[in-house]
Amino acid sequence: MINVTVWNENQHEKKNEKVREVYPEGIHGAIASFLQHEDYNIKTATLDEEEQGLTAEVLENTDVLLWWGHIAHDQVEEEIVERVTQRVLDGMGLIVLHSGHFSKIFKKLMGTSCDLKWREADEKERIWVVDPSHPIAEGLGEYIELEKEEMYGEHFDIPTPDELVFVSWFEGGEVFRSGCTFKRGSGKIFYFRPGHETYPTYHNQDVQKVIKNAVKWAAPVDRKRPVYGNAKPLELISAN
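I will try to describe carefully the structure that is included in this document.

Parameters and conventions
- Note that residues are indexed from 1 along each chain, following the sequence as it is written.
- Residue-level local features of this predicted model are given only where pLDDT is at least 70; pairs of side-chain atoms are given and counted only at 80 or more, and the full residue set underlies all totals for whole chains, interfaces and linings.
- In computing side-chain values, all of the structure's heavy atoms are included and hydrogens and water are not.
- A pair of strands is considered paired only if DSSP assigns at least 2 bridges between the two.
- Here a helix means four or more residues in a row that DSSP labels H or I, a strand means two or more in a row labelled E, and each is numbered from the N terminus.
- The axes are straight lines fitted to the C-alpha atoms, using for helices just the contacting stretch, and the angles between their N-to-C directions are given from 0 to 180°.
- Contact between two residues is taken to exist if any of their heavy atoms lie within 4.5 Å; hydrogens are not considered.
- What goes into a patch is any residue over 30% in relative accessible area without a salt bridge, connected to like charges within 9 Å or, for nonpolar side chains (Val, Leu, Ile, Met, Phe, Trp, Tyr), within 5 Å.
- To be clear on the numbers: accessible area is Shrake-Rupley with a 1.4 Å probe, and residue cover counts the displayed protein chains and nothing else.
- Throughout this description, the term salt bridge denotes a Lys or Arg side-chain nitrogen within 4 Å of a carboxyl oxygen of Asp or Glu.
- For each residue, the accessible area found with a 1.4 Å probe, counting protein chains only, is set against the maximum for its type, and the residue is called buried under 20%, exposed over 50%, and partly exposed in between.
- What a helix should span is 1.5 Å times the count of its residues minus one.

**Comments concerning the sheet that holds strand E7 (residues 163-170)**
Across the sheet, which stays open at both edges, the nine strands sit in the order E2-E1-E3-E4-E9-E8-E7-E5-E6 with mixed pairing between neighbours. Strand pairing shows two members of the sheet lacking a second neighbour, strand E2 (40-46) and strand E6 (143-153), which therefore form its edges. The sheet shows a mean angle of 25 degrees between the axes of neighbouring strands, taken without regard to direction. The pairing of strand E5 (residues 117-129) with E6 spans eight bridges and is classified as antiparallel. By the bridge assignment, lysine 117 is partnered in E6 with glycine 153. Relative to the sheet, helix H3 (residues 26-35) contacts strand E1 (2-8), E2, strand E3 (64-68) and strand E4 (93-97), its axis offset from that of E1 by approximately 160 degrees. Running over the sheet, helix H5 (residues 78-90) touches E3, E4, strand E8 (175-184) and strand E9 (187-192) and is turned about 115 degrees from E9.

Spelled out as structure tokens, the structure:
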């Protein structure tokens, strides 16, 4: 069974009635709810909890961490960022959602600004599957269509993805690399664009399918992290 932790800063839900109407149990609650139907062990964590919900014990028992953040990126403590980074390097999967592109952890792992264009105009988003053979795209049609979403536009300042699974088109004309995979150390990372807090995006069955597939893809392989540093020879070295 895959151990999944859904982390959400959970700040919009406290301040914005419209967000509470769309996600009465919080964005983390909505995501955890549809993941419960899979063979996963699910827990949630939020910014206001002890050690911001990500204690060493929680992370040690997490195979895949999902991250949603927006207005409180600066409140995430550096100790937590370092703790998550080390777990990713050790093999924990990380799924970064929507405005999590600007989180400290994603920027640290990417090594770039992760900046982009954006616009809130209730416009249509069409998310095209550009790698139909990828396991994250399993069970999808040629595209996912969302009636209303926030626009993210290129240039998206990230390293060239290891794999590009989805590309979005917006009604206003922009395009965006909206489904990108990366590997860091022994860990796998997936960035998935849609999910603005005032839209019911996480209630969309195709969006849910992508996230379910991504959890399976990002789960760590069953092996120990490689050992680094000075090493004894495996064979006799003739010069000695």
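So, next bit.
**Observations concerning a nonpolar patch on the surface**
Residues Trp128, Val130 and Tyr143 make up a contiguous nonpolar surface patch of about 270 Å² in total accessible area. Along the polypeptide, tyrosine 143 turns up in strand E6. Overall, tyrosine 143 belongs to the partly exposed group, its relative accessible area being 37%.

**Re H5**
Its 13 residues give H5 an end-to-end C-alpha distance of 18 Å, which sits within 8% of 18 Å, the value for a rise of 1.5 Å per residue. For H5, the set of buried residues is Ile80, Val81, Arg83, Val84, Thr85, Arg87 and Val88. Those residues of H5 hidden inside the fold are in contact with helix H4 (56-60), E3, E4, helix H6 (104-110), E8 and E9. Positive phi appears at glycine 91, one or two residues downstream of H5, with a value of about 130 degrees.

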